[in-house]
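Below, each chain spelled out in residue letters.
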Amino acid sequence: MRHFLTLKDFTKNELLEMIDLAIKIKAQTKQREYVPYLKQQTLGMIFEKSSTRTRVSFETGIYQLGGVGLFLSANDIQLGRGEPMKDTARVISAMVDMVMIRTYEQAKIEEFAAYSKVPVINGLTDKYHPVQIMADYMTMMEFGKSQNAVVAYVGDGNNVANSWVLLASLLGFELRIATPKGYECHDDVVAFARDKKANVSFGNDPKEAIRGANVVTTDTWVSMGQEEQKEQKLKDFKGYLVDDEMMALAQEGAMFLHCLPAYRGYEVSEKVFEDHAHEVFSEAENRLHVQKGIMVWLDNHRGIHE
Ligand code: CP
Ligand code: NVA
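Being a predicted model, the structure only gives us computed values, none of them experimental.

Conventions adopted
- Residues numbered from 1 in each chain as written.
- Chains lettered and ligands numbered in written order.
- Predicted model: local features only at pLDDT ≥ 70, side-chain atom pairs only at ≥ 80, totals over all residues.
- Heavy atoms only, no water.
- Helix = DSSP H or I, 4+ residues; strand = E, 2+ residues; numbered from the N terminus.
- Rg over C-alpha atoms; globule rule 2.2 N^0.38 Å.
- Buried < 20%, exposed > 50% of the residue type's maximum accessible area, 1.4 Å probe, protein only.
- Contact = heavy atoms within 4.5 Å.
- Areas by Shrake-Rupley, 256 points an atom, 1.4 Å probe, with all protein chains shown as cover.
- Near = heavy atom within 4 Å.
- Polar contact = N/O pair within 3.5 Å; in protein donor to acceptor, adjacent residues only side chain to side chain.
- Nonpolar A, V, L, I, M, F, W, Y, C, P; charged D, E, K, R; others polar.
- Core = buried A, V, L, I, M, F, W, Y, C linked by side-chain atoms within 4.5 Å.
- Axes fitted to C-alpha atoms, helices over the stretch in contact; angles between N-to-C directions.
- Parallel < 35°, antiparallel > 145°, perpendicular 65-115°, else oblique.
- Left-handed = near helix turned anticlockwise from the far one by under 90°.
- Pairing = 2+ DSSP bridges.

A. Local environment of the overall build of the protein. Tallying secondary structure elements over the protein gives 12 helices and 9 strands in all. Computed over the C-alpha atoms, the radius of gyration of the protein is 19 Å, within 12% of the 19 Å expected from 2.2 N^0.38 for a compact globule of 306 residues. Its C-alpha atoms give the protein principal-axis dimensions of roughly 55 × 45 × 35 Å. Residues counted as buried form 57% of the 306 residues belonging to the protein. For the protein, restricting intrachain contacts to residue pairs at least 6 apart in sequence, the fraction spanning at least 24 positions comes to 75%. Working note: accessible area of the protein is about 13200 Å², and carbon and sulfur atoms make up 48% of it.

Laid out in structure tokens, this is it:
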């Protein structure tokens, strides 16, 4: 059995297999052909943070695959009143076929997985957002940007940036990360890229990162759970707004991606966002298709690698 907690646990081939499945199932879905790959299976979805895309994509995805999703807000289950994660894991995983969790510390999801009888998927932690980056790469493929890709990520060295670093290190595309000083990616993530001799650079100059890139991406400056840091971050992220002037440094026809929700006037200008809305909302839609690819892949690998 495999869990999907961090991209580090997978090979390039395995990640591309999941995306291939997503592309195949997307084509079927577009024909309104809902193949029940996960017939009668139940996906438990535990949320300790808010969500629009992750919730809707997983819940719709499992339903279209012939199963059902259980939305379990931490406020409504005993976890929110202090029942231990490991007890929650043993109870829920004895009743459902797969679990998706959105939470704070990566250690919490790892603890859940250690006690789970079924595959566990990371729907975002403070450290990683792997399902998002899989959808982002799928969108790059669809828009013809994955060959000779040069991706520039400018913004916070957070869960989204960390996952970009892991994906680039595993798939082998060029990634340039620019973060303000003090907001760099996590040390072990940087070390992973260095160990893999990946084509990933880390710096503090957004213009240098964007120059010549064919994909420009960013994320909110204030992630969920960091609301009290907002005032400080708005000062520290000065110069990181992706606007027309920044996009002009990229390759002509460069793509702009944003995992959403987007805060106009902070990390991206209204103009850049709306000019690239087709790309950004294709990326959002691909969350649905990629979740399906990942769930079907994990289901196909039950009993393997135990
Ligand atoms: N991008 C993303 O994960 O969106 P939600 O927070 O709405 O799920
Ligand atoms: N970095 C953001 C991503 C939201 C999808 C957060 O953690 O809030």
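Next comes the rest of the write-up.
B. Representation of the site of ligand 1. In the neighbourhood of ligand 1, the contacting residues comprise Ser51, Thr52, Arg53, Thr54, Arg102, His129, Gln132, Cys259, Leu260 and Arg287. Residue histidine 129 places a side-chain N or O atom 2.8 Å away from an oxygen atom belonging to ligand 1. For the shell around ligand 1, a count of residues per class yields 2 nonpolar, 5 polar and 3 charged.

C. How the structure looks around the site of ligand 2. Around ligand 2 sit Leu124, His129, Asn158, Asn159, Asp219, Thr220, Ser223, Met224 and Leu260, and that is every residue in its neighbourhood. Methionine 224 is positioned such that a nitrogen or oxygen atom in its backbone is 2.8 Å from an oxygen atom of ligand 2. A per-class count over the shell around ligand 2 returns 3 nonpolar, 5 polar and 1 charged.

D. Quick look at the nonpolar core. Counting residues in each nonpolar core, the largest one holds 58 residues, and the members touching the most others are Phe4, Leu15, Ile121, Met134, Trp164, Phe173 and Leu175. Residue contributions to this core peak at 9 residues, all from helix α6 (residues 159-171). If near-sequence neighbours (up to four positions away) are discounted, isoleucine 121 is found in contact with Phe4, Phe58, Met98, Val99, Met100, Ile101, Ile109, Val131, Ile294, Met295 and Leu298. Listed in part, the 26 residues of the second largest apolar core include Ala178, Trp221, Ala250 and Ala284.

E. Geometry of the packing of helix α3 (residues 85-92) against helix α4 (residues 106-115). At a closest axis distance of 8 Å, the pairing of α3 and α4 adopts a crossing angle of 45 degrees. Judged on the interaxial angle alone, α4 and α3 are oblique. At the point where α3 passes α4, the crossing takes the right-handed sense. Of the residues in α4, those in contact with Met85, Lys86, Thr88, Ala89 and Arg90 of α3 are Lys108, Glu111, Phe112 and Tyr115. When its residues are assigned to classes, the contact of α3 with α4 shows 4 nonpolar, 1 polar and 4 charged.

F. View of the pairing of strand β9 (residues 255-258). Across the two faces of β9 the burial is the same, with Met255 and Leu257 and Phe256 and His258 all buried. Of the strand pairs in this sheet, strand β8 (residues 215-218) and β9 are connected by 4 bridges, and their pairing is parallel. Considered in β9, the bridge of threonine 218 is made with histidine 258.

G. Spotlight on the environment of isoleucine 19. Tracing the chain through its elements places isoleucine 19 in helix α1 (residues 12-30). Spatially, the C-alpha atom of isoleucine 19 lies 7.2 Å from that of methionine 134, the residues being 115 residues apart in sequence. Apart from residues lying up to four places away in sequence, isoleucine 19 is in contact with Met134, Tyr137, Met138 and Met141.

H. Fine view of the sheet that holds strand β5 (residues 150-154). Here 5 strands make up an open sheet; going across it, the order is β7-β6-β5-β8-β9 and the pairing parallel. Lying at the two open borders of the sheet, with one neighbouring strand each, are β7 (200-203) and β9. Each adjacent strand pair in this sheet contributes to an overall mean axis angle of 20 degrees, direction not counted. The pairing of β5 with strand β6 (residues 174-178) spans 5 bridges and is classified as parallel. Note on β6: the bridge partner recorded for valine 151 is leucine 175. Along the sheet, α6 contacts β5, β6, β7, β8 and β9; its crossing angle with β6, the most-contacted strand, is approximately 155 degrees.

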